[in-house]
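Structural characterization, general
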Protein chains: 4
Amino acid sequence: MSVTQPNANSSVERKILITDCADAHGLIAKITGVCFAHELNIVKNSEFVDNAQGRFFMRTELEGSFDDASLLNDLSSVLPEQNHMQLVGAERKRVVVLVTKEAHCLGDLLMKSYYGGLDVDIAAVVGNYPNLAELAAKFAIPFHFVSHEGLDRLSHEQALLEVIKPYEADYLVLAKYMRVLTPDFVAQYPNRIINIHHSFLPAFIGAGPYRQAWERGVKIIGATAHFVNNCLDEGPIIKQDVIPVDHNYSAQEMARAGRDVEKSVLSKALQLVLNDQVIVYGNRTIVF
Amino acid sequence: MSVTQPNANSSVERKILITDCADAHGLIAKITGVCFAHELNIVKNSEFVDNAQGRFFMRTELEGSFDDASLLNDLSSVLPEQNHMQLVGAERKRVVVLVTKEAHCLGDLLMKSYYGGLDVDIAAVVGNYPNLAELAAKFAIPFHFVSHEGLDRLSHEQALLEVIKPYEADYLVLAKYMRVLTPDFVAQYPNRIINIHHSFLPAFIGAGPYRQAWERGVKIIGATAHFVNNCLDEGPIIKQDVIPVDHNYSAQEMARAGRDVEKSVLSKALQLVLNDQVIVYGNRTIVF
Amino acid sequence: MSVTQPNANSSVERKILITDCADAHGLIAKITGVCFAHELNIVKNSEFVDNAQGRFFMRTELEGSFDDASLLNDLSSVLPEQNHMQLVGAERKRVVVLVTKEAHCLGDLLMKSYYGGLDVDIAAVVGNYPNLAELAAKFAIPFHFVSHEGLDRLSHEQALLEVIKPYEADYLVLAKYMRVLTPDFVAQYPNRIINIHHSFLPAFIGAGPYRQAWERGVKIIGATAHFVNNCLDEGPIIKQDVIPVDHNYSAQEMARAGRDVEKSVLSKALQLVLNDQVIVYGNRTIVF
Amino acid sequence: MSVTQPNANSSVERKILITDCADAHGLIAKITGVCFAHELNIVKNSEFVDNAQGRFFMRTELEGSFDDASLLNDLSSVLPEQNHMQLVGAERKRVVVLVTKEAHCLGDLLMKSYYGGLDVDIAAVVGNYPNLAELAAKFAIPFHFVSHEGLDRLSHEQALLEVIKPYEADYLVLAKYMRVLTPDFVAQYPNRIINIHHSFLPAFIGAGPYRQAWERGVKIIGATAHFVNNCLDEGPIIKQDVIPVDHNYSAQEMARAGRDVEKSVLSKALQLVLNDQVIVYGNRTIVF
C-alpha cells in the first residue's frame, strides 16, 4: 500500500512483481513480508488462486528503491520450487505492428499513441501489401513492405523476421494481418504476438466471419483479441466485446460496424498487456 | 397512421398484417392503399427488402373494423403470385412450457405473466422430471410429469404430445428442457417451438456450454433464444444477449451468472414472438 | 490462499475479514501475517488504497478454525489507531422487504431465493398497500399491511418499525417502496437499507423518472441500487445498469422496459451486499 | 422497395424524402402512391407516429430518376397543410470541426474519414488553441487558430464565423470544443451544430463531469452527442453510450476511459446525421 502519491517523489521507482507458482500456505504473507522488509510500498495488489489446479497468481505494484537481485533472491527463498517470478519495470514498451490492407486498427493504434491514449512506442509497421505505407508515414513511423508474392510461407516469414528482429520489439501486434503464421514464427515470440480476430471467438473461426455471422443470422457480433499460438484463432483470449446487429445488416454492413469493435478491443487488450496486467495460464488469461 | 389513440374507441379492433412475398414495384403503395380503402388506420408500419434475394417483408399494425375475407382478397389482388399474407388478431396467445429440473426460466415466465410483464396465457407446464410441479402449483398452472424413464425417444415424445396437444398451444416454450426433440416432433409445431440455449450461439453448441466456455477462457458469455428446427441448436435466432466474465469465474459460477441472461433472453424473445414481431426467413429471423 | 477446496473439509469454517483503516507501510504483510500465524487460509484477498485520502481497505476471505477474539486482538495490535475491523461469518443473512404496489422487484427476489439464485432469508414483506400480500403468500412469506392512510409520516414509520423490528433483519430492501423515509427511520438501519431507484442516478432524481427521461429524449435508461441515507436518491451507489431506448418508446413503454433492469440491478446489488463485498466509504462504495 | 440493386444501374439516382406533418388518414398510402406514380423505387421506408401529439414522420429512401419540383408538388397536394417535406440528395456532406486542445475526437473523425469509416468531407478544423494544428496537417485539412484571448465572447464568435462561413458547411461538429456558444451563434446553424458532451446527460451537466461522476460514486459513465440549442447541454440527444467503472477509477482515469466512448458516440451520431436518419422533433430526435 502506498502512503506516498505515485510519482510524487521523483526518486521513487515503480515496478511490477508477477508471481506464478504452486499454491501453498501463507504465500501472500511471505511475499508481501519480503517486499515490506525491502521497504517497498505496495501500490496495488491483486491475487488469484485456481483451487482446481492448486495454482497461485499475484500481481504486486511496488514503489520504492529496488535492489532487484536481492529482492528476487529473498522472494525465491519463501516461494515453492519451480515458481515463476518476474519483476518488470514501468518503462514504456516497444511494439511492431503487422498489417495487410485494412487501416482501421493500425489507424487507431497510431492515433492513440500520438495523443497519449496508449502508452506504447510503435517502432515500425510491416505490411504484406504497400497500402498502409502512407498512413504510417503521417505519423513518421517506418513502414516495411514485405510482399508474400512469389514466396513460399517460410521464405516470407524469414523475410518478415529479418525486418522485425532488429527492432527488438516486446510484442508483435497483428492489426488485421490476414495471413496465418507458422508455429516456427510464433515460437520466436511466445505469448508475445497479439491478434485481433473479427468475431466473437470461438464462433466463426477462420475466414469470412462476418459472412458466416450473417448466414447464421446472429443478433450480436463481436471481436476477440488473443495471443497467437500454434492453432489458428485458438490462443489465450485477452479481451472481447460485442455490438448488436439486426436483419437490416448485410454481411458488408456487419463488417463495417464490426471495425469499431475490432479497433477498440485490440487497443484495450494491448493496453492491458502493456500494463503487465495479463498473465497467460494454459490457454486462458488472468487479467488483473 | 393513427389519428385515434390505440384503444381509445372500444369498438375499434386492432390486427396485424404480415406480408412476405417476392419484391415488386409499388408494393408499399398498393398494400397501404388497400388498407386505406378499407378505412383502416396504420398504427405502425415496418418493412424490409432483402435485395440479394429480391424478397419483400412488411408488418402493418392496423386499427379499425375489419372484414378479413374481403381485405385479404383485395390485398392478394395487388400482390405477386405465391405471396404469404397473415392477418393476426391481437388476442393474447397460449403457450405450453416444457421443463426439466432448472427453475429460473420457468420461474421468470410464471412471475412475469402473473404481474403482467408478459402478455401470455401459460396453459400448462410439462416436465420430464417432477421437480417443478410445486413451482407451477404456486401459480395454479397445471403441471404434467411425463417421465422419459424406460421409454424410447419416440414413445416419450408420443406421451408428451398426448399431454400437450389438447391445450392447442400457439407456441411451445422449452424453458431449459434438456432433451433433444426429434424431427417428427418438431414437424408438429413448425417455427412454433422456442428454445433457450445457454450459450452465445453458434459458440459452444451442444452439451456443457459453460464448461466449454470456461475451458476456452472466454471473457463474455451469453444466451440465445431460437426457434427449434431439425438440427440441434441451429434454428433461426430470435434474440441473444451477453454478460462479461473473468478469470475469477469457475464453470459453475459462469452457469449461475448465465441464468439471469437465459431467463431474460427467453422472455424477451417470447414477447417479440407473442407480438407477431418475428418473421422466420430461411434460417434467419426478421424482428420488426 | 487455499490449498483445500472451499468446504472440502466440513470442519473448516469460512469467514470474511473486512479491514478499513488509515494507510500505512506493510499493512498487507502484517494482516496476512497474522492470519497465517492463526493457520487460516486466504481463499481470496482484495485490497484498495485511496491514495488521495490515504485510506486502506481490504477484504480477506479466510478458511480454517477461528478464535475470533484472539484473531481480532492480534490484528488490532498491527493496525493503526482507529481502524475498523469486521470478521463476518458466512451464514446466510435475513432481510425484510418493503413494497408498495409494483410486483416485479419483490417477485424476482422471492423467485430467486426460492430456486437458490439468491442466498438470502426473506423474513417478511411489509407493504403500505395490501396488493402484494397474495404474491408473498405464494412463497409462504409473512406479509404485513401497514397503511399510511390517515397517519402522519412519523406515526406511519413508527408502525412500520413495530412490525419490522422483531424480525431482526440484517438489511431492509426497498423493492419499489414509493415513500420517502425520514432521517430518524434511516438512522435505525445505517447503511443497511437498500433501495432501487428507477433511473440512472444522478439523472432524474425524484418522482416520475421515466416521464422525465421521455421528455428529455434520452437514448438510454437505467436503474440504480443504492444505500439509503438522509438525502433522497443520494446514498452510496452499489450497482447500476442501463438499456437502450429510442423514439418509439412512450414514457409508459420506458417504464415497462425499465422493470427488467430494476429487478436485475436490485437483486445483483443485494447479492453483493449479502456476500459482504460492499464497503461504504463516505458517499461511495468499494465493491470487491 | 427496390428490385434493382442499389447503384446497380449507374443512371439511377438515390434520394431521401423526409416527411414531417400532422397525422392524417392514408398518409403512407398517399405518399408512397405518389412515389410509385413517379416510378421511384422505395429502397427503405421508416415511419413513426406520435399519437400523443398527432404528428406523422416518415423517411423514404428512393431510387430512380427524379423530377424534384414535380415530385414535391404532387406530394404537397396529398399532404395536410403546414407539412415539412425535404428531398435530400445522397452526395456526401461537408463539415467544419471546432476544437480546443483534446485530440481524441478530432483524431477519430480525421482517421475515419481517411480510411472511409465515415462518409464526410471535413472542410476545415478551427481551434481556439493552436494545439491541434499539427494533427489536422497530417491529413492535409486546413486549420484555423482563432484565439479567444483578449476578445469578448461576441467578438470571438464573430471571428469564428468569418473563418467558418466561407466553407459553407452542412454541419458544425464540436469535437471537445470547450466554450459555450451564444444563442446568436447557434441561430446561424439551427439544428446543424453537433456537440459531444462527456457525460451521460442529463447527469453531470456543465463543467468537470468526470469529477462530478467520481464524487457521486457512479458505477457507469457515458457520453452524449446532441444538437446544440440555446441552453447549455440541453439540445436534442442523438446518441448516447456508456461504460462501466468501479472504485479503482480516479476522476482522471474515468476521464481517460471516457475518451473512447466520447469519440465513438460522436462519430456514430455524426454518421446518423450525415445519412439523414435523424429528425429533430421539439427537444427530442427521431432516429430512423
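Everything numeric here is computed off the predicted structure, so don't read it as measured data.

Conventions used here
- Residues numbered from 1 in each chain as written.
- Chains lettered and ligands numbered in written order.
- Predicted model: local features only at pLDDT ≥ 70, side-chain atom pairs only at ≥ 80, totals over all residues.
- Heavy atoms only, no water.
- UniProt positions renumbered as here; feature names shortened; annotations may be inferred.
- Helix = DSSP H or I, 4+ residues; strand = E, 2+ residues; numbered from the N terminus.
- Contact = heavy atoms within 4.5 Å.
- Buried area = accessible area lost by both parts, 1.4 Å probe.
- Polar contact = N/O pair within 3.5 Å; in protein donor to acceptor, adjacent residues only side chain to side chain.
- Least-squares fit on C-alpha atoms with pLDDT ≥ 70 in both.
- Salt bridge = Lys/Arg side-chain N within 4 Å of Asp/Glu carboxyl O.
- Buried < 20%, exposed > 50% of the residue type's maximum accessible area, 1.4 Å probe, protein only.
- Pairing = 2+ DSSP bridges.
- Axes fitted to C-alpha atoms, helices over the stretch in contact; angles between N-to-C directions.
- Core = buried A, V, L, I, M, F, W, Y, C linked by side-chain atoms within 4.5 Å.

Focus on the UniProt feature "domain: ACT" (unreviewed entry) in chain A
In the numbering used here, UniProt assigns the "domain: ACT" (unreviewed entry) feature to residues 16-78 of chain A. Taken end to end, residues 16-78 of chain A is 35% helix and 43% strand, and its two terminal C-alpha atoms sit 18 Å from one another.

Some points on the interface of chain C and chain D
Between chain C and chain D, the contact holds 30 residues from the first and 30 residues from the second. Where chain C abuts chain D, roughly 2,600 Å² becomes buried across the two surfaces, and 62% of that area is made up of carbon and sulfur atoms. By the criterion of area lost to chain D, the three top residues of chain C are C:Arg216, C:Lys219 and C:His247, representing 27% of everything that side buries. Counting across the chain C and chain D interface gives eight residue pairs in polar contact (both at pLDDT 80 or more). Counting only elements with at least two residues in the side of chain C that touches chain D, the list comes to α7 (209-216), β11 (237-244) and β13 (284-287) of chain C.

Re the relation of the copies chain A and chain B
Rotating chain A by 180 degrees and translating it 0.0 Å along the rotation axis places it on chain B, where the RMSD comes to 0.0 Å. These values place the two chain copies in the arrangement generated by a two-fold rotation axis. Every residue of chain A has its C-alpha some distance from the rotation axis, and the shortest such distance is that of A:Ala203, at 2.3 Å. Both copies present the same face, since 100% of the interface residues in chain A are matched by interface residues at the equivalent positions in chain B.

Focus: the pattern of salt bridges
All names here are of chain A. Taken as a whole, this structure holds 53 salt bridges over all chains when the rule is applied. The shortest N-O distance in the salt bridge between Glu63 and Arg14 comes to 2.7 Å. Here Glu63, found in strand β3 (residues 55-64), pairs with Arg14, found in strand β1 (residues 13-22); they are 49 residues apart in sequence, far enough to count as distant. Overall, the relative accessible area of 1% leaves Glu63 in the buried class. Across the salt bridge formed by Lys263 and Asp260, the nearest N and O atoms sit 3.7 Å from each other. Taken together, the residues span about one helical turn, with Lys263 and Asp260 both in helix α8 (residues 251-274) at a distance of three residues.

What about unusual backbone geometry?
With an omega dihedral of 5 degrees, the bond running from A:Leu201 to A:Pro202 counts as a cis peptide bond. Position of A:Pro202 relative to the elements: it lies in the loop between β9 (193-197) and α7 (209-216). Here the phi dihedral of B:Asp276 falls at roughly 55 degrees; this positive angle occurs in a residue that is not glycine. If you trace the backbone, B:Asp276 turns up in the loop between α8 (251-274) and β12 (278-281). A positive phi angle is found at C:Ala140, which is not glycine, with a value near 55 degrees. Along the chain, the position of C:Ala140 falls in the loop between α4 (133-138) and β7 (143-145).

Comments concerning the sheet that holds strand β7 (residues 143-145) of chain D
Across a sheet, paired strands are connected by hydrogen bonds in the backbone, their directions being either parallel or antiparallel. Residue and element names in this part refer to chain D. The seven strands lie next to each other as β7-β6-β5-β8-β9-β10-β11, forming an open sheet whose pairing is mixed. Across the chains shown, the open sheet's two edge strands, defined by having one partner strand only, are β7 and β11 (237-244). Taken over all neighbouring pairs, the strand axes of this sheet differ in orientation by 20 degrees on average, direction set aside. By the bridge criterion, three bridges tie strand β8 (residues 171-174) to strand β9 (residues 193-197) in an arrangement that is parallel. Across the sheet, residue Leu174 finds its bridge partner in β9, namely Asn195.

Section: the nonpolar core
Core analysis: the largest hydrophobic core is formed by 201 residues, its most contacted members being A:Val97, B:Val97, C:Val97 and D:Val97. For this core, the element with the highest residue contribution is helix α8 (residues 251-274) of chain D, accounting for 11 residues. Here C:Val97 is in contact with C:Leu106, C:Leu109, C:Ile122, C:Ala124, C:Val125, C:Val126, C:Val173 and C:Ala175, once residues within four sequence places are set aside.

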